[in-house]
Amino acid sequence: MKVTMTQIAAFLAQTNAPLLMNIYPFLDLTLDSNFPEDFAFFDGTTHSLVDGPNTYMNALDASFDMTVTALAGVGYPNVQVVVGEIGWPTDGAPYANVSTAQRFTQGLVKHVQSKQGTPLRPGMQIEAYIFSLLDENQKSLLPGNFERHWGVFTFDGQAKYPLDLSGEDQDSNLSNADDVPYLPTRWCVANRHGNVSELLRNAEYACSSADCTALSEGGSCSNIGMPDNASYAFNSYYQLNLQDDNSCSFDGLGVVTFVDPSVGDCRFLIGVSEAGKLSCKFYGVFLMAFLSSYLLRTIFAEVTSSRCPHWNVVF
């Protein structure tokens, strides 16, 4: 592995190309019970990391300089390092929520825009790309149920939280997608008098194809209880199937309602029409914040979501 990485570093140095690395403090926090929570963010820590003469106050700087040190160790200290992916999910696990994601992402932008750099590369503006633009409701769940919730925007193009990309504490908001072709305003819910075991069986069936990650531990719908759990599952399946009447049957336990069944922070979604999905299948617009120069680069890439708005983004 060292030989291969050294060859890659040599090639990057020869071609004056950057090394891209992904940094996910969220994963450090959720996978390591000993990881200090405040070290994942940018608003101060009581768990600073001291490495010789250098002191690190956040995971980004520490991970960045670890890579710089590794490159120097194989003889290529001047290879540029770019953060190709960094972000914070908003659902599907403990620590994955809107307020924490806003805290991290806004802190990231402010830290990068400050141009303070890192202890090993001071005074340098880190080039970083926020992951990701939209939630992806068909993404693999192997890493965890949070994998479908990395978006700064919801699947239908609505900003999840305010974000000032200047890093200068300006009162600015991201712009939502226009003209989203929603399905009619109706939901599928569970009969509140249904047999609990039958509700659970049908809910499991619904979640075998629909996205029910918000119901997982730490998710935005994890505490709503039965029969609302079943209702969430039924509705996810109903919207996935474009509100087809048969998709709200569930052995007679499903009921179509025109009253929003959302419970607190648990949002029962309304899907996007087939026309809306087809407009995205051509090529989804995947926008990343190019923080190093406060530009927004548009990259055409296939978006792994079955529910996608017609996007007209203006920041």
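- The protein chain has the name X8 domain-containing protein in an unreviewed UniProt entry, where Ceratopteris richardii is given as its organism.
- Taken from UniProt, the Sequence similarities (unreviewed entry) comment for the protein chain reads in full: "Belongs to the glycosyl hydrolase 17 family."

### Examining the packing of aromatic side chains
- Applying the stated criterion across every chain yields a total of 16 aromatic pairs.
- Note on F26 and W88: the rings are 5.2 Å apart at their centroids and 75° apart in plane angle, and the pair reads as edge-to-face. Within this pair, whereas F26 is found in helix α2 (residues 25-31), its partner W88 is found in the loop between β4 (81-86) and α4 (98-113), the two being separated by 62 residues in sequence.
- Judged by relative accessible area, which is 0%, F26 ranks as buried.
- Taking 4.9 Å as the distance between ring centres and 75° as the angle between the ring planes, the aromatic pair formed by F26 and F146 counts as edge-to-face. Taken together, the residues span a long stretch of sequence, with F26 in helix α2 and F146 in the loop between β5 (128-130) and β6 (187-190) at a distance of 120 residues.
- Classification of F146 by relative accessible area gives buried; the value is 7%.
- Aromatic rings pair up to connect Y24, F26, F41, F42, W88, F104, F131, F146 and W150 into one cluster.
- Its guanidinium or amino end placed over the ring of F41, R103 lies 3.8 Å from that ring's centre, counting from NZ or CZ.

### Observations concerning the side chain of S166
- With respect to the helices and strands, S166 occurs in the loop between β5 and β6.
- Separated by 2.7 Å, the side chains of S166 and D164 make a polar contact.
- In this structure the side chain of S166 is engaged in a polar contact, spanning 3.1 Å, whose partner is the backbone nitrogen of E168.

Quick notes on the rules
- Residues numbered from 1 in each chain as written.
- Predicted model: local features only at pLDDT ≥ 70, side-chain atom pairs only at ≥ 80, totals over all residues.
- Heavy atoms only, no water.
- UniProt positions renumbered as here; feature names shortened; annotations may be inferred.
- Phe/Tyr/Trp six-rings, centres within 6.5 Å; stacked < 30°, edge-to-face > 60°.
- Helix = DSSP H or I, 4+ residues; strand = E, 2+ residues; numbered from the N terminus.
- Buried < 20%, exposed > 50% of the residue type's maximum accessible area, 1.4 Å probe, protein only.
- Lys NZ or Arg CZ within 6 Å of the ring centre and 35° of its normal.
- Polar contact = N/O pair within 3.5 Å; in protein donor to acceptor, adjacent residues only side chain to side chain.

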